[in-house]
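Coordinate inspection notes
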Amino acid sequence: MQENFSLKPYNTFGVDVNAKYFIEVQTLEELRDAINYSKNHDLPVLFLGGGSNILLTKDFDGLAIKLSLKGIDEKDLNDNEILVTAKAGENWHEFVMYSLEKNYGGLENLSLIPGNVGTSPMQNIGAYGTEIKDIFVSCTVLDLENLALKTFNLEECRFGYRDSIFKQEGKGRYVILEVTFHLTKKDHHIKTEYGAIKTELENLGITDPTIQDVSKAVINIRQSKLPDPKETGNAGSFFKNPTIPLAQFEDLKQKFENIPGYPNGDVVKVPAGWLIEQCGWKGKQIGNTASHKLQALVIVNATGNATGKEIFDFSTEIINSVIEKFGIELEREVNII
Ligand SMILES: Cc1cc2nc3c(=O)[nH]c(=O)nc-3n(C[C@H](O)[C@H](O)[C@H](O)COP(=O)(O)OP(=O)(O)OC[C@H]3O[C@@H](n4cnc5c(N)ncnc54)[C@H](O)[C@@H]3O)c2cc1C
């Protein structure tokens, strides 16, 4: 256990705050010991995966626990289906690459998402037409109330758009220890409809894509659009895409005829990036913080010296200007700590 420990290398915004105590755990026993220590000393705990979906706004006056449980297990179901279980501390993209090397299908559209496997159910990570709920079977968690193990199946996780029980009533109660996915071994379901995947495959001269080709296309697109946190601190999309009533969308359409929207019954999902860009934020910098020049939805630590508070205040200004112009209140996707 370390004292007064800088969390700068443990969050992709690169914000420099200290945790009063810090420990990295590799086994369930170490995790239980750390939690018991925090209970005995009345310390709040902060669980850290890859730190790619958090904004640390101040020093953490408790015990930060970095989850580094490792291991991958496989269970064959038949000649086409397999269950693959990965422990929480496995890096997500490396896990996707592992599955592709073995020619297991299902994760390819989720290539290059930062973070760890254990965090993937928290907000039902998604990209390019796939969310983890599409291949999720179950996850095993440690219940902090009694330190017992519990398993959540797909239904119990109550996955929604960037949402799950772990972000709602289960928040702060469960530590996800491992996640099991249902993957294919040969009859893969290739998904190229979303975003620029088809165009990118054409650019690569591929007409009959494999799961590995889809992954390559997704990686190329992501690398061309998103800042690499190793170079510029960020946490990906800072806000969720808002869902508004159809009637409100139709009213807005009168005033802003180009407003994009994806209707679903009597609600419409509106791209947050478009709203933010229309308010003049794309590429705009205030002090150490900026909205990314290629994607307004991504807030970046432009100088490397931004504090969590500066980034938070910047996000509040964006929220206020979107409310003022469109009457829509953006919700932060990033966990504020
Ligand atoms: C460049 C970039 C691009 C991104 N693109 C996408 C994208 O396309 N789609 C997408 O969905 N997300 C995206 N993200 C967001 C992020 O990668 C995901 O949310 C990822 O799942 C976060 O994982 P992490 O391990 O880094 O989480 P952390 O930031 O470490 O943790 C997030 C939250 O979960 C808690 N937590 C961490 N591990 C556990 C655990 N095992 N059990 C319980 N609680 C836990 C933490 O306390 C914190 O509250 C992007 C981020 C970046 C930087």
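Definitions and limits used
- Residues numbered from 1 in each chain as written.
- Predicted model: local features only at pLDDT ≥ 70, side-chain atom pairs only at ≥ 80, totals over all residues.
- Heavy atoms only, no water.
- Near = heavy atom within 4 Å.
- Polar contact = N/O pair within 3.5 Å; in protein donor to acceptor, adjacent residues only side chain to side chain.
- Nonpolar A, V, L, I, M, F, W, Y, C, P; charged D, E, K, R; others polar.
- UniProt positions renumbered as here; feature names shortened; annotations may be inferred.
- Buried < 20%, exposed > 50% of the residue type's maximum accessible area, 1.4 Å probe, protein only.
- Contact = heavy atoms within 4.5 Å.
- Helix = DSSP H or I, 4+ residues; strand = E, 2+ residues; numbered from the N terminus.
- Lys, Arg positive; Asp, Glu negative; His and termini not counted.
- Salt bridge = Lys/Arg side-chain N within 4 Å of Asp/Glu carboxyl O.
- Domains from an automatic or database assignment.
- Buried area = accessible area lost by both parts, 1.4 Å probe.

1. Some words on the site of the ligand
Not every one of the 32 residues close to the ligand is listed here, only the nearest: Phe47, Gly49, Gly50, Ser52 and Thr119. Gly49 is positioned with one of its backbone polar atoms (N or O) 2.7 Å from an oxygen atom of the ligand. Here the residues of the shell around the ligand sort into 15 nonpolar, 15 polar and two charged.

2. Focus on the UniProt feature "active site" (unreviewed entry) in the chain
Here the UniProt-annotated "active site" (unreviewed entry) positions come out as Arg162, Ser237 and Glu333. A compact arrangement is adopted by the annotated residues: their sequence extent is 172 residues, whereas the largest C-alpha distance between any two is 10.9 Å. Residue classification places Ser237 among the partly exposed residues on the basis of a relative accessible area of 27%. Setting aside residues up to four positions removed in sequence, Ser237 forms contacts with Leu297, Val298, Glu333 and Val334. Excluding its chain neighbours within four sequence positions, the residues that come into contact with Glu333 are Asn53, Gln123, Arg162, Lys167, Ser237, Phe238, Phe239 and Lys240.

3. Thoughts on the UniProt feature "domain: FAD-binding PCMH-type" (unreviewed entry) in the chain
Summarizing the sequence annotation, UniProt attributes the feature "domain: FAD-binding PCMH-type" (unreviewed entry) to residues 15-186 in the numbering used throughout. As annotated, residues 15-186 comprises 16% helix and 37% strand, and the C-alpha atoms at either end are separated by 43 Å.

4. Considerations on the side chain of Glu90
In this fold, Glu90 is placed in the loop between β7 (81-87) and α2 (92-101). Salt bridges are absent for the buried Glu90, whose nearest opposite-charge side chain, Lys70, sits at 5.8 Å. Contacts of Glu90, omitting those with residues within four sequence positions, involve Leu69, Lys70, Gly71, Ile72, Asn116 and Val117.

5. Concerning unusual backbone geometry
You will see that Tyr128, though not glycine, has its phi angle at about 50°, which is positive. Its place among the elements puts Tyr128 in the loop between β8 (126-127) and β9 (130-131). Of note in the backbone geometry, Leu147 takes a positive phi value of approximately 55° without being a glycine. Take Leu147: its relative accessible area is 13%, and that puts it in the buried class.

6. With respect to the domain arrangement of the chain
Each domain of the chain was delimited in the assignment, giving domain 1 (2-67), domain 2 (72-225) and domain 3 (233-336). Spacing between the C-alpha centres of domain 2 and domain 3 amounts to 26 Å. Contacts between the two partners involve seven residues from domain 2 and, on the opposite side, eight residues from domain 3. For the domain 2 and domain 3 pair, buried surface summed over both sides reaches about 660 Å², with 40% attributable to carbon and sulfur atoms. Put simply, domain 2 and domain 3 have one salt bridge between them. Of the charged contacts, one joins Arg162 and Glu333 as a salt bridge, the two residues approaching to 3.9 Å between their closest N and O atoms. Taken together, the residues of the side of domain 2 that touches domain 3 sort by class into one nonpolar, two polar and four charged.

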